[in-house]
Amino acid sequence: MLDFRMETFLTVCKYMNFTRAAEALNLTQPAISQHIKYLETQYDAPLFIRERKNLTLSPAGELLRAALESMRNDEKTMKKRMKESLSGKKVLTFGVTMTIGEYAILSPLARFIKARPDTDFHIRYGNTQSLLSDLYEGNIDFAIVEGYFKEENYQTRIYRTEEYVAVASAQHRFAAPVHCLKDLTAERLITREPGSGTRAILSRALALKNLSILQFAHIVEVENIHTIVSLLRQDCGISFLFKAAVEQEIRAGTLQQIPLDDFMLRHNFSFIWNKDSIFSQEYEAIFEELQ
């Protein structure tokens, strides 16, 4: 069990504000300051850098946060495993992003589940940011995501690498001749919500060309890949997706990949879990089996 002062430290890390941390823990602000001062004395290093009203972690604070988060999450998992042992049943909880869960992992996941008749599975679908939050809180054991994350905070393995493409209905008539990414800004863009890895990849690719999502003529924001594909088939706009999500439609001739002279992108699907976890060997084995 983590020392109560370490819980205080993690809460301050969460809010980066002593007052909000005090409110969350139902403590006074002087008590919060005292707990942090105690840890700084124990570790003989400053944990936070205070500049005017801004609070940031020091290098030592970053190290401590990573270690304590791993300890906290492993403790949470250990308690869960101990409770499961009483019923003789194992439970595995993990998260996948929409594209991966619906198009990239179904066959290996089915094999994986069939090979474990004594295990219950809780599979959470969410965008990259929500799954990273679940990992941070220790609510899931591991995740497979397509979005960006701070690699130094996680153990990571490349699950697979996928092509990321511009797509439209095969019958779509473009507002103007299309040769490069900028030419598509005259179109209605169908895109995922903020926090989605699919959208983050597009935002970064556009930024490299000094463009943004807001420069498209119109935007349709959708939180479901199937709906986006359906809207594309109904010629409601253009989109940018992993090719795995639209491969069948492209082969069937209902959708087309839009050729662009300045846009060729491949991106990793990443299998991740919390860094330095005592369960790392188990997660490594699961990764190998799911491949």
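Going by the structure above, here's the rest.
*Asks:* Can you tell me about the packing of aromatic side chains, naming the residues and giving the values?
*Replies:* Between two aromatic rings, the relevant description is the distance of the centres plus the angle of the planes. Evaluation of the coordinates by the stated rule reveals 15 aromatic pairs. Measuring from ring centre to ring centre gives 4.7 Å for F142 and F271, while their planes differ by 20 degrees; the resulting arrangement is stacked. Of this pair, F142 sits in strand β5 (residues 142-145) while F271 sits in strand β11 (residues 265-274), and the two are 129 residues apart along the sequence. Like F142, the residue F271 is buried in the burial classification.

*Asks:* Tell me about helix α9 (residues 225-233), and please be specific about residues and values.
*Replies:* Restricting attention to buried positions, one finds in α9 the residues I225, I228, V229 and L232. Down the axis of α9, the buried side of the element spans an arc of 95 degrees, and every buried residue falls inside it. Each element contacted by the buried residues of α9 is listed here: α5 (98-104), β6 (154-169), β7 (188-191), β9 (239-242), α10 (247-252) and β10 (255-257). N-cap assignment for α9: the residue whose side-chain oxygen lies 2.9 Å from the backbone N of H226 is N224. Taken from the residues just after α9, D235 is the one with a positive phi, measuring 60 degrees.

*Asks:* Give me the lowdown on the side chain of S196, citing residues and values where you can.
*Replies:* Among the structural elements, S196 can be located in the loop between β7 and α8 (197-207). Engagement of the side chain of S196 in a polar contact is seen with the backbone nitrogen of T198, the distance being 3.2 Å. In contact with S196, other than residues within four places in its own chain, are N127 and T128.

Calculation notes
- Residues numbered from 1 in each chain as written.
- Predicted model: local features only at pLDDT ≥ 70, side-chain atom pairs only at ≥ 80, totals over all residues.
- Heavy atoms only, no water.
- Phe/Tyr/Trp six-rings, centres within 6.5 Å; stacked < 30°, edge-to-face > 60°.
- Helix = DSSP H or I, 4+ residues; strand = E, 2+ residues; numbered from the N terminus.
- Buried < 20%, exposed > 50% of the residue type's maximum accessible area, 1.4 Å probe, protein only.
- Arc of directions from axis to C-beta.
- Contact = heavy atoms within 4.5 Å.
- Polar contact = N/O pair within 3.5 Å; in protein donor to acceptor, adjacent residues only side chain to side chain.

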